[in-house]
Amino acid sequence: MEGAISSGPNPRIAVVTGGNKGIGFEVCRQLASHGVAVVLTARDEPRGAEAVEKLRALGLAQVIFHQLDVTDTSSIATLFVFLKTRFGKLDILVNNAAIGGLLVHAGLNKLICRCAQQFAGMDFDQMLEWMVKNVREPVDSAKKGVQTNYYGTKHVTEAVLPLLQSSSEGRIVNVSSLFGLLRLISNEEVRQELNDIDNLTEERLDELLDRFLRDFEADALEARGWPMGCSAYKVAKAAMNAYSRLLSRRHPALRVNCVHPGYVKTGITMNSGVLTPEEGARNVVKVALAPEGGPTGKFFAEDEEASFV
Ligand SMILES: NC(=O)c1ccc[n+]([C@@H]2O[C@H](COP(=O)([O-])OP(=O)(O)OC[C@H]3O[C@@H](n4cnc5c(N)ncnc54)[C@H](OP(=O)(O)O)[C@@H]3O)[C@@H](O)[C@H]2O)c1
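Residues numbered from 1 in each chain as written. Predicted model: local features only at pLDDT ≥ 70, side-chain atom pairs only at ≥ 80, totals over all residues. Heavy atoms only, no water.

Bringing the sheet that holds strand β2 (residues 37-42) into the picture now. One open sheet holds the eight strands; their spatial order is β3-β2-β1-β4-β7-β8-β9-β10, and the pairing between them is mixed. Since the sheet does not close on itself, it has two edges, and those belong to β3 (63-67) and β10 (304-306), each with one partner. This sheet shows a mean twist of 25° between the axes of neighbouring strands, independent of strand direction. The pairing of strand β9 (residues 298-301) with β10 spans three bridges and is classified as antiparallel. (Pairing = 2+ DSSP bridges. Helix = DSSP H or I, 4+ residues; strand = E, 2+ residues; numbered from the N terminus. Axes fitted to C-alpha atoms, helices over the stretch in contact; angles between N-to-C directions.)

Laid out in structure tokens, this is it:
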């Protein structure tokens, strides 16, 4: 699968994490349709290879597979060596892989899988209310959520940064969420720290995430002003947004942006949502392919620039 790119002269190279399904798969399809050579990555080899086959069947020969589990440092290192040897640069990194960090109440999982119409007739608020009532967030899932959604994104980014710097204008698109907006954190001190990009550091982000997980274990989320319901997902995305802003300051030659794709029918939303993966991915790809010299350090809510707060 790795040998298949035979492209025109010097194509742009993109890596997409979690490319085997949902929004990530669609981002791969749309980037490839724009002539970008895409390295579709997935943690599971058969699922990733199958996704690449689907894209090849659509005539998109410029897509190749490479395994990547964003929580596994050796998997990240192997991807880096592959990219360096094969291309010597990277133009676009789409950090898309994420988990919800939630468990659906016993018995409901099957129902949801069987019944894509579960949410038919519900509006946005009703769907969210249903989700909050029917899911649990155990501490292990919360830890996994922070590891995948914040540290996974950060570690992949750090590893491929030298390759992005070898591009004429390296781009990082972090697939974020309205759930990462700072207004959802009622603890004012934390909210202000995450928004104070002049003084925030990565070490401080680590400390805040450690504090969040300690409060989670102590059942003190509400008392300490952390967001409730999908807490770890919200906090990890808020941290990822802050990290993106730090990176964009530190590397002004790169374009580093965050995109909320919209509320999309995928695995992570248990097929609720109001947009198709194709529509959600379009918002991500628009930022990935923005003209040179475009915005950096910004948050886009669907296709409009918006506030991190
Ligand atoms: N859907 C929405 O409404 C919505 C809204 C806001 C933001 N987002 C964001 O959009 C992005 C894509 O989510 P989605 O909606 O397309 O959900 P999805 O269908 O559940 O896809 C998530 C992808 O992430 C992968 N993944 C999870 N853990 C991974 C790991 N450790 N290493 C590598 N890949 C991993 C999954 O792989 P497996 O197949 O192996 O599990 C899957 O490919 C996420 O960042 C999500 O937070 C989605």
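Moving on, there is more to tell.
Our next topic: a positive patch on the surface. On the surface, a cluster of positive charge is made up of K21, R43, R47 and K144. Note that K21 resides in the loop between β1 (13-16) and α1 (22-33). In this structure K21 comes out as exposed when scored by relative accessible area, which is 54%. (Patch = residues over 30% accessible without salt bridge, like charges linked within 9 Å, V, L, I, M, F, W, Y side chains within 5 Å. Areas by Shrake-Rupley, 256 points an atom, 1.4 Å probe, with all protein chains shown as cover. Salt bridge = Lys/Arg side-chain N within 4 Å of Asp/Glu carboxyl O. Lys, Arg positive; Asp, Glu negative; His and termini not counted. Charge placed at Lys NZ, Arg CZ, Asp CG, Glu CD. Buried < 20%, exposed > 50% of the residue type's maximum accessible area, 1.4 Å probe, protein only.)

Neighbouring the ligand are 30 residues, the closest being N20, R43, Y233, V264 and T266. I23 has a polar backbone atom sitting 2.8 Å from an oxygen atom of the ligand. One of the backbone N or O atoms of G262 is found 3.3 Å from an oxygen atom in the ligand. The protein chains hide 95% of the 900 Å² of surface that the ligand would expose on its own. Those elements giving two or more residues to the shell around the ligand turn out to be α1 and α9 (231-250). (Near = heavy atom within 4 Å. Polar contact = N/O pair within 3.5 Å; in protein donor to acceptor, adjacent residues only side chain to side chain.)

Turning our attention to the pattern of salt bridges. Counted by the stated rule, this structure contains 16 salt bridges. A salt bridge links K143 to E217; its shortest N-O distance comes to 3.7 Å. Placement of K143 in helix α6 (residues 139-165) and of E217 in helix α8 (residues 202-217) is noted, with a sequence separation of 74 residues between them. With a relative accessible area of 52%, E217 lands in the exposed category. The structure contains a network of salt bridges with shared partners spanning E26, R29, E278 and R282.

Positive phi values are uncommon outside glycine, yet D219 reaches one of about 60°. On the accessibility criterion, D219 (73% relative accessible area) is exposed. In this structure, C230 takes a positive phi of about 55° despite not being glycine. Relative to the helices and strands, C230 resides in the loop between α8 and α9.

Strand residues, when the strand is regular, have side chains that alternate between the two faces of the sheet. With respect to burial, strand β7 (residues 171-175) is a largely interior element, five of its five residues being buried. Side chains of β7 alternate between two faces, with R171, V173 and V175 and I172 and N174 buried alike. Bridge analysis of strand β4 (residues 92-95) against β7 gives four bridges, and the strand direction is parallel. From the neighbouring strand, V94 faces β7, where its bridge partner is V173. Sheet topology places β7 next to strand β8 (residues 255-260); five bridges connect them, and they run parallel. Looking across to β8, one finds that N174 is bridged to C258.

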